[in-house]
Amino acid sequence: MADVGLQSEISFAGTFLSSAFAACFAEFCTIPLDIAKVRLQLQKRSAISEGIGSSKYRGTFGTIATIAKEEGLPALWNGIVPGLHRQFLYGGLRIGLYDPVKLLLVGGILTGDVSLFQKILAALLTGAIAIIIANPTDLVKVRLQAEGKSRRYSGALDAYVTIAKQEGILGLWTGLGPNIARNAIVNAAELASYDHVKETILAIPGFTDNAFTHSLAGLGAGFFAVCIGSPVDVVKSRMMGDSTYKSTLDCFIKTLKYEGLLAFYKGFLPNFTRLGTWNVIMFLTLEQVKKIFQREL
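What counts, and at which threshold
- Residues numbered from 1 in each chain as written.
- Predicted model: local features only at pLDDT ≥ 70, side-chain atom pairs only at ≥ 80, totals over all residues.
- Heavy atoms only, no water.
- Helix = DSSP H or I, 4+ residues; strand = E, 2+ residues; numbered from the N terminus.
- Buried < 20%, exposed > 50% of the residue type's maximum accessible area, 1.4 Å probe, protein only.
- Contact = heavy atoms within 4.5 Å.
- Areas by Shrake-Rupley, 256 points an atom, 1.4 Å probe, with all protein chains shown as cover.
- Core = buried A, V, L, I, M, F, W, Y, C linked by side-chain atoms within 4.5 Å.
- Patch = residues over 30% accessible without salt bridge, like charges linked within 9 Å, V, L, I, M, F, W, Y side chains within 5 Å.
- Salt bridge = Lys/Arg side-chain N within 4 Å of Asp/Glu carboxyl O.

### Here's the deal with the overall build of the protein chain
Tallying secondary structure elements over the protein chain gives 10 helices and zero strands in all. Listed N to C, the secondary structure of the protein chain is α-α-α-α-α-α-α-α-α-α in terms of helices and strands. Every one of the 297 residues in the protein chain was classed for burial, and the buried ones make up 51%. Restricting to contacts in the protein chain with at least 6 residues of sequence separation, those with at least 24 account for 79%. A total accessible area of about 13,300 Å² is found for the protein chain, and carbon and sulfur atoms account for 69% of it.

This is the structure:
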């Protein structure tokens with residue numbers, strides 16, 4: 001991410017558009033991995049409801065292969081439309097607001113270092129604000145990804161309308177609690193760690209602000225995001241993919257009671273594979289696109 005001192009070099013609109021484009025591009029490239037993650041996270045409940053004794057999906061690439069074989073290759077991009085909706089809004093806002101909020105937290109002073117605590121706080125706030133606005137897109141994305149051969153919705157638009165009709169307008173904000181928790185935490189892990197890891201790498205003699213540095217920082221951001229955010233990510237996916245849970249706490253307790261603590265790290269490998277890849281692609285793209293907007297100024 002840009003240092004606080006660079007905020008004047010690019011407008012909020014430029015940062016928003018750069019971030020939205022980078023997030024959408026990364027989403028398109030990695031959504032098959034995200035579908036594998038969601039199916040693995042929901043697998044236990046799906047197996048119980050369908051009376052299947054053994055696990056249908058095994059591992060990241062095994063899950064991808066099973067989906068492609070049984071549902072066709074395009075099924076790996078189920079949810080791509082609301083996924084792009086989500087990334088345009090959420091990705092654009094969480095990153096676009098990060099530097100302005102960080103600037104606000106340091107009192108508008110453009111010189112000096114920003115502490116890790118201030119970076120984390122800024123990312124927590126922007127992640128929460130962004131997902132409150134983008135929650136309906138996240139809900140529809142998860143619902144479409146959770147579907148197998150049986151279809152409840154004909155597409156993204158039908159899903160928005162059907163959910164609003166059957167569950168009420170507020171139904172589009174189902175799972176908002178865990179979603180705020182998950183996205184605020186993951187955003188803090190991603191942006192603050194990317195910011196901090198990049199600064200640390202650049203302080204090492206021989207390293208410069210180039211694609212290799214951006215890739216290393218992006219991979220580190222993805223790792224921290226998964227380690228910290230995986231439990232709330234599992235609860236969020238289950239809350240959005242299965243309406244039988246009464247509340248976030250009910251989902252947490254039932255998952256812990258019936259499946260154990262490790263269930264909160266179900267799909268950890270596909271989650272890290274996806275988020276690590278996603279962050280590398282997103283931050284690499286973001287850094288390059290922002291240069292275009294900076295040259296325009």
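### Things to note about the nonpolar core
In this structure, Leu191, Met282, Phe283 and Leu286 are the most contacted members of the largest nonpolar core, which totals 18 residues. Elements represented by at least two residues in this core include exactly α1 (12-50), α4 (98-105), α5 (116-146), α7 (176-202), α8 (211-241) and α10 (268-296). The element that contributes the greatest number of residues to this core is α10, accounting for five residues. Not counting chain neighbours up to four residues away, the residues in contact with methionine 282 comprise Ala22, Ala23, Ala26, Arg94 and Ile95. Counting residues in hydrophobic clusters, the runner-up holds 12 residues, among them Tyr153, Ala156, Tyr160 and Met240.

### Regarding the environment of methionine 240
Mapped onto the elements of the fold, methionine 240 is located in helix α8. Residue contacts for methionine 240: discarding those within four places in its chain leaves Asn135, Asp138, Leu139, Val142, Arg143, Thr174, Gly175 and Asn179.

### Focus on a nonpolar patch on the surface
A cluster of nonpolar side chains, Leu249, Phe252, Ile253, Leu256 and Leu261, forms an exposed patch at the surface whose accessible area comes to about 490 Å². Here leucine 256 is to be found in helix α9 (residues 248-259).

### Considering the environment of isoleucine 180
In this structure, isoleucine 180 sits in helix α7. Here isoleucine 180 falls in the partly exposed class, since its relative accessible area comes to 25%. As a C-alpha pair, isoleucine 180 and valine 232 span 52 residues in sequence and 9.4 Å in three-dimensional space. Apart from the residues within four sequence positions on either side, isoleucine 180 is in contact with Ala128, Ile131 and Ile132.

### Considering the pattern of salt bridges
For the structure on display, the rule yields 16 salt bridges. With a shortest N-O distance of 3.8 Å, arginine 274 and aspartate 34 are connected by a salt bridge. With arginine 274 in helix α10 and aspartate 34 in helix α1, this residue pair connects regions lying 240 residues apart in the sequence. Each member of the pair, arginine 274 as well as aspartate 34, is classed as buried. Between glutamate 70 and lysine 56 there is a salt bridge whose closest N-O contact spans 3.0 Å.

It is worth stressing that arrangement in space is one thing and function is another; only the former is reported here.
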